[in-house]
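Spelled out, the chains give:
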Amino acid sequence: MRILLAEDDSVLADGLTRSLRQSGYAIDCVKNGQDADTALSTQEFDLLILDLGLPKLSGLEVLRRLRARGSLLPVLILTAADSIEQRVNGLDLGADDYMAKPFALSELEARVRALTRRGAGGGPTVIRHGPLTYDQVGRSAYINDQMLDLSARELGLLEVLLARTGRLVSKEQLVDHLCEWGEEVSNNAIEVYVHRLRKKIEVGGVRIATVRGLGYCLEKYSDANRPPTAAATDSK
């Protein structure tokens, strides 16, 4: 999932960026409200982490403009511990959650997981797709209860495909969701990530279809997808 972080404190922004990247998120960071508003007007994100004390354009104004455009993007606001009025104003303007500084990174990451799930339509924390199980909280995947060894990029790819099961996802959409600004990722690289993920999940009969020239689709699972068991093979 792709997150926009609007925070002018370089030390805090660097710490949050490193922590969230280690958890598999793609993070783009801006240091003033004007850049945040421009980014939100021109690109798609899955979550906004918004400091209210931004230069050039306040965080509250960024939030007001975002909601005025009809965006339902989940927003987590960051405020000083004593700014109760700002927190109230932020929630009234449409923020989904807030955290007062200073805060624990583990709590922020938990709130990020909750908000990205809500932004994807809510639903269970564990997604099941035939023999495939994906734990959105632990960010881990299993085939027949055996944990898969997936890279952060492969996990992100799996999340996007699971959220759109049975629907076409273009390579451009995958790049938008998985990659950060300035990150050079070609369509060939996306093909490599899909190939690696496909090899790891298709042993359980979970299939990623390629729609040539258009993109990919995680096929809906049915018993017809199930690979033959050893006993069935021996009986033939």
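The structure reproduced in this document is the subject of the present report. Per-chain numbering applies: the sequence of each chain, read as written, is numbered from 1 onward. Only residues with pLDDT of at least 70 are given local features in this predicted model, and only at 80 or more are side-chain atom pairs given and counted; all residues enter the totals for whole chains, interfaces and linings. Working from all heavy atoms in the structure, the side-chain values ignore hydrogens and water.

We now examine helix α6 (residues 152-163). Only DSSP runs of H or I covering at least 4 residues are called helices, and only runs of E covering at least 2 are called strands; the numbering of each starts at the N terminus. Given a helix with a known number of residues, its expected span is that number minus one, times 1.5 Å. With twelve residues, α6 should reach 16 Å at 1.5 Å per residue; the first-to-last C-alpha distance of 17 Å fits that figure. The buried label applies to any residue whose accessible area, calculated with a 1.4 Å probe on protein chains only, is under 20% of its type's maximum; exposed applies above 50%, and partly exposed to all values in between. Along α6, the residues classified as buried are R153, E154, L155, G156, L157, L158, E159, V160, L161 and L162.

With that out of the way, let us pick up the pattern of salt bridges. For this analysis, a salt bridge means a side-chain nitrogen from Lys or Arg found within 4 Å of a carboxyl oxygen belonging to Asp or Glu. As enumerated under the stated definition, the model contains 13 salt bridges in all. Where K101 meets E7, a salt bridge forms, and the shortest distance between an N and an O atom there is 3.2 Å. Of the two residues, K101 is situated in strand β5 (residues 97-101) and E7 in the loop between β1 (2-6) and α1 (10-22); the sequence distance between them amounts to 94 residues. Owing to a relative accessible area of 0%, E7 belongs among the buried residues under this scheme. Two residues, D96 and R67, come together in a salt bridge whose shortest N-O distance is 3.2 Å. Linking D96 in the loop between α4 (84-92) and β5 with R67 in helix α3 (residues 59-68), this pair joins segments that are 29 residues apart in sequence. Residues joined in a network through salt bridges with shared partners are D37, E61, R64, R65 and R69.

Within the fold, Y25 resides in the loop between α1 and β2 (26-30). For Y25 and M1, which are 24 residues apart along the polypeptide, the C-alpha to C-alpha distance reads 5.4 Å.

A few words on the packing of helix α2 (residues 33-42) against α3. The angle between two axes is taken between their N-to-C directions and runs from 0 to 180 degrees, where each axis is a line fitted to C-alpha atoms and a helix contributes only its stretch in contact. Interaxial distance between α2 and α3 falls to 9 Å at its minimum, and their mutual angle equals 15°. Here α2 is positioned roughly parallel relative to α3, judged by the angle of their axes. Both α2 and α3 take part in a crossing whose hand is right-handed. Contacts between α2 and α3 involve G33, A36, D37 and L40 from the former and V62, R65 and L66 from the latter. Of the residues contributing to the contact of α2 with α3, the split by class is four nonpolar, one polar and two charged. Angles below 35 degrees are treated as roughly parallel, those above 145 as roughly antiparallel, those between 65 and 115 as roughly perpendicular, and all remaining angles as oblique. Two helices cross in a left-handed way if the nearer one is turned anticlockwise from the farther one by less than a right angle. They cross in a right-handed way if the turn is clockwise. In this description, contact between two residues means that some pair of their heavy atoms is separated by no more than 4.5 Å. Ten residues, namely Ala, Val, Leu, Ile, Met, Phe, Trp, Tyr, Cys and Pro, are considered nonpolar, four, namely Asp, Glu, Lys and Arg, are considered charged, and the remaining ones, Gly among them, are considered polar.

The three strands lie next to each other as β10-β12-β11, forming an open sheet whose pairing is antiparallel. For this open sheet the edge positions go to β10 (169-170) and β11 (208-211), each flanked by a neighbour on one side alone. What makes two strands pair is DSSP finding at least two bridges between them. Looking at chain direction, β11 and strand β12 (residues 215-218) are connected through four bridges and run antiparallel. Note on β12: the bridge partner recorded for T210 is Y216.

Our next topic: the pairing of strand β3 (residues 47-51). Counting buried positions over the five residues of β3 gives five, a clear majority of the element. Burial of β3 is two-sided: the residues L47, I49 and D51 facing one way and the residues L48 and L50 facing the other way are all buried. Here β1 runs beside β3; their pairing, made up of four bridges, is parallel. Counted as the bridge partner of I3 is L47 from β3. Handedness of the crossover joining β3 and strand β4 (residues 75-80) through α3 is recorded here as right-handed. Assignment of crossover handedness uses the view with strands pointing away from the viewer, where a clockwise path from the first strand over the helix to the second indicates a right-handed crossover.

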